[in-house]
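Here's the letter readout for the chains.
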Amino acid sequence: MKNILFVTFVILIHFLPFSQNYIDKVFINILNNYRTLNGINEVVFDFQHYDSKIITNSYNVLVYITNESKDTSYKWVKCTSDLKIIPKYNDRNTSQLFVAVDSIPLDSIYDDSKLPLHYLSDSFNYKSPITVIRYFDSLALHKVFKTLILSKENESILLSNYQFFFQLNITLSKNKLNRIFTIKAFEIVDEKNASISSDYGYVIYKGNFNKLKPYIVDEFTKKLLYTSK
């Protein structure tokens, strides 16, 4: 019963906005504790950072809205800007060391938990679901790390003196029964290489103009400004 409730619990709150920074810190704490146990200094590390640049200005547009009765009303809506998202680390200034993927059954995570059953009750009588799922992810990350260092090659890399850059990702499996952890380790080889463009590897995130375009009207005539051809 505990395991069934836990699986249901994780599925229900899987899409809450958990902090990536928390997961990163847990992994680094596990890694640094392991290095300390092996008489090695704590690792020099970093995670992905992004810089954003505004490409187009934001402005207000008037759009029409039709309700179920086919009545039309008008509303001012903010047309958000396009953004250029630039990663700090890319294929020019890092070298990939390894990629590790581990699938952890949700019920096995709860088996290691000290939480009482009432935390997973139907009434959801817990103080913070985010705190609870962070706790479960922490338990899972310990399992993942134990699997990770079973590879002698990966272990030697993690105990080395590289300047590390890590990418961590957690997803829910298609059958909703496993948490899938993907860990990518890179060496930072030339963070300030002058030959790399300042916006290398960028991605454009479009604002909402294309979504609003079919509904934008002139402020005075109320006629569509962009008609389809």
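Report follows, based on the coordinates. Since the structure is predicted, the reported quantities are computational estimates derived from the model, not experimental observations. (Residues numbered from 1 in each chain as written. Predicted model: local features only at pLDDT ≥ 70, side-chain atom pairs only at ≥ 80, totals over all residues. Heavy atoms only, no water.)

Here we look at the layout of surface pockets
Right, so step 1: When its volume is computed, the largest pocket comes out at roughly 240 Å³.
Right, so step 2: Contributing elements (two or more residues each) for the lining of the largest pocket: helix H2 (20-37) and strand S6 (164-172).
Right, so step 3: The greatest single-element share of the lining of the largest pocket, amounting to five residues, is contributed by H2.
Right, so step 4: Along the lines of polarity and charge, the residues of the lining of the largest pocket split into five nonpolar, six polar and two charged. (1 Å grid on protein atoms, 1.4 Å probe; cavity = no way out; pocket = protein on both sides within 12 Å on 5 of 7 lines; lining within 4 Å. Points joined across faces, edges and corners; volume = space filled by probe spheres on them. Helix = DSSP H or I, 4+ residues; strand = E, 2+ residues; numbered from the N terminus. Nonpolar A, V, L, I, M, F, W, Y, C, P; charged D, E, K, R; others polar.)

Some remarks on the side chain of Ser160
Right, so step 1: Tracing the chain through its elements places Ser160 in the loop between helix H5 (152-158) and S6.
Right, so step 2: Polar contacts involving the side chain of Ser160 include one to the main-chain carbonyl oxygen of Ile157, which spans 2.5 Å. (Polar contact = N/O pair within 3.5 Å; in protein donor to acceptor, adjacent residues only side chain to side chain.)

Focus: the sheet that holds strand S4 (residues 83-87)
Right, so step 1: The sheet built from three strands is open, its strands ordered S1-S4-S8 with antiparallel pairing. Edge strands, defined here as strands with exactly one partner in the open sheet, are strand S1 (50-54) and strand S8 (203-205). Taking the axes of each pair of neighbouring strands and ignoring which way they run, one obtains an average angle of 30° across the sheet.
Right, so step 2: Pairing of S1 with S4 involves five bridges; the strand directions are antiparallel. The partner of Ile54 across the bridge, within S4, is Leu83. (Pairing = 2+ DSSP bridges. Axes fitted to C-alpha atoms, helices over the stretch in contact; angles between N-to-C directions.)

Some remarks on a nonpolar patch on the surface
Right, so step 1: Together, Ile55, Tyr202 and Ile204 make up an exposed nonpolar region whose accessible area comes to about 260 Å².
Right, so step 2: Tracing the backbone through its elements, the reader meets Ile55 in the loop between S1 and strand S2 (59-66). (Patch = residues over 30% accessible without salt bridge, like charges linked within 9 Å, V, L, I, M, F, W, Y side chains within 5 Å. Areas by Shrake-Rupley, 256 points an atom, 1.4 Å probe, with all protein chains shown as cover. Salt bridge = Lys/Arg side-chain N within 4 Å of Asp/Glu carboxyl O.)

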